[in-house]
Every structure is written in C-alpha cells, then in structure tokens.
Amino acid sequence: MITNIYNETLTFITALNCNLEEFKKDPEKFYENWDENWYASDTRYEHPIIDGNSLREITREEKILNLNMSELLQDGEYIENGEILIVECPESILRKAWDKENRIWYETMTKEEIVEVRANKILEYQKLVENKNMLEASKFTSTDEISFIVVKMNNLEIEINNLGNKIETFKI
C-alpha cells in the first residue's frame, strides 16, 4: 500500500511504501520531515482539493472554471458568468458538429447524403407495407404484428417527411 504526502498548499511531496492507517498512527516514523499541516492519502491526485477533512480530485467542472481548462469543455458546452452552460443539439441534426465561437450546432451532412438516407427510409417503409399486406392476407391471426408494423410505418413516415423538409432547406 502506498501513502502519498501533500504539503499545506497541496503540492505532492512524496509517495511512501506504507499503509495509510499505519502512517496516521505515527507519521514521523515513516517520514521524519512530516508537518502537522500536511496531508496524507492512499490516492495520488493530479489536482487535489480539501473537501471537509479529506482530499479529493477536483471535478471536471472545477478544472474548467477554476483552472481555466476550457479544453475539457464538451461539444455543446460553454462558459458564461462563471457557469458551464449546455446547448442541447436539435434532434433534426443528423450528423452534428459544434461551433464553439458562435455556440451553435450545425449539420455536417450534405444534401446528397440526406437524400440517400431518405431514399433508404422510403425503401424500408415500402418493405413494411409489403409485410403488413402479407400478414393481413395470412390465414393466421396477426393483429399484434400488424399493429407493431403500423407503429413503425408511422414513425418512418414522420422521419421521411422531416428529411424531405431538411432537403428543401438546402440552396440549389
């Protein structure tokens, strides 16, 4: 077991090959320069902080806000008035990208790619129509199966129409 020593400013001093509980009983036995204002932990922290009576690693949010580590911001996040704010990505964006400068999401799919996605969904819809017709013509009871297909068809129809609207927004 390793015991890590930090000074009063939470700077790492050294790691000792001893059990933390044993160390706490008699710190000078294991580290003769021990100071009562120092901290010992069985965890090595990169950015320690005092939380109550113990040490912990600072959170990602604390790193961003207190240490100016803005590179840890995720897409859709930005800092304003000392807070991390989140912009949710619109569901209409198929392949998203985040513009950090303008703080907006934008689409990266081309018109041709969206047309291809829409065409595949139309073909999938047609297969569902065929499957529904075959189940209706079957001699077996298939009410649940047909209901399931109808729900999928309705969802696909909405997706196909939304993609059609998205295609119309592209400039010719």
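In this numbering scheme, every chain counts its residues from 1 along its sequence in written order. Only residues with pLDDT of 70 or above have their local features reported here, since the model is predicted, and side-chain atom pairs are shown and tallied only from 80 upward, although totals for entire chains, interfaces and linings are computed over all residues. No hydrogens and no water enter the side-chain calculation; it runs on all heavy atoms of the structure.

J.: Honestly, helix H5 (residues 143-168) in this entry has me stumped. Any pointers?
T.: Because each turn of an α-helix spans 3.6 residues, side chains separated by three or four positions in sequence point in the same direction. In this description a helix means any DSSP run of H or I spanning at least four residues, a strand means any run of E spanning at least two, and both kinds are numbered starting from the N terminus. The span expected for a helix works out to 1.5 Å for each residue beyond the first. The end-to-end C-alpha distance of H5 is 37 Å, a good match for the 38 Å that 26 residues give at a rise of 1.5 Å each. Within the sequence span of H5, burial applies to Ile 146, Ile 149, Met 153, Leu 156, Ile 160, Leu 163, Gly 164, Lys 166 and Ile 167. On its buried face, H5 sits against strand S9 (104-107) and helix H4 (111-137). Only protein chains enter the area calculation, which uses a 1.4 Å probe; residues under 20% of their type maximum are buried, those over 50% are exposed, and those in between are partly exposed. Residues are treated as being in contact if the distance between any of their heavy atoms lies within 4.5 Å.

J.: Looking at this structure, how should I read the pattern of salt bridges?
T.: When the charged atoms of two side chains lie near each other, side chains of opposite charge can form a pair. The rule for a salt bridge is simple: a side-chain nitrogen of Lys or Arg has to be within 4 Å of a carboxyl oxygen of Asp or Glu. The full count for this structure, using the stated rule, is 11 salt bridges. A salt bridge links Glu 113 to Arg 95; its shortest N-O distance comes to 2.7 Å. Pair noted here: Glu 113 is in helix H4 and Arg 95 is in the loop between strand S7 (83-86) and strand S8 (96-99), with a separation of 18 residues, a long-range link. Assessed through its relative accessible area of 36%, Arg 95 is described here as partly exposed.

J.: Could you clarify how one ought to interpret the pairing of strand S5 (residues 54-57) in this entry?
T.: In summary, the side chains of a regular strand alternate between the two faces of the sheet. For strand S4 (residues 48-51) and S5, the ladder comprises 4 bridges, and the chain directions are antiparallel. Bridge pairing in S5 places Pro 48 opposite Glu 57. For two strands to pair, DSSP has to find at least two bridges joining them. Connecting S4 to the antiparallel partner S5 that follows it, the hairpin turn spans 2 residues, and Gly 52 within it adopts a positive phi of roughly 70°.

J.: What should I look at first to understand the environment of Gly 82 in this one?
T.: In this fold, Gly 82 is placed in the loop between strand S6 (77-80) and S7. The class of Gly 82 is exposed, set by a relative accessible area of 53%. It is 44 Å that separates the C-alpha atoms of Gly 82 and Glu 116, two residues lying 34 residues apart in sequence.

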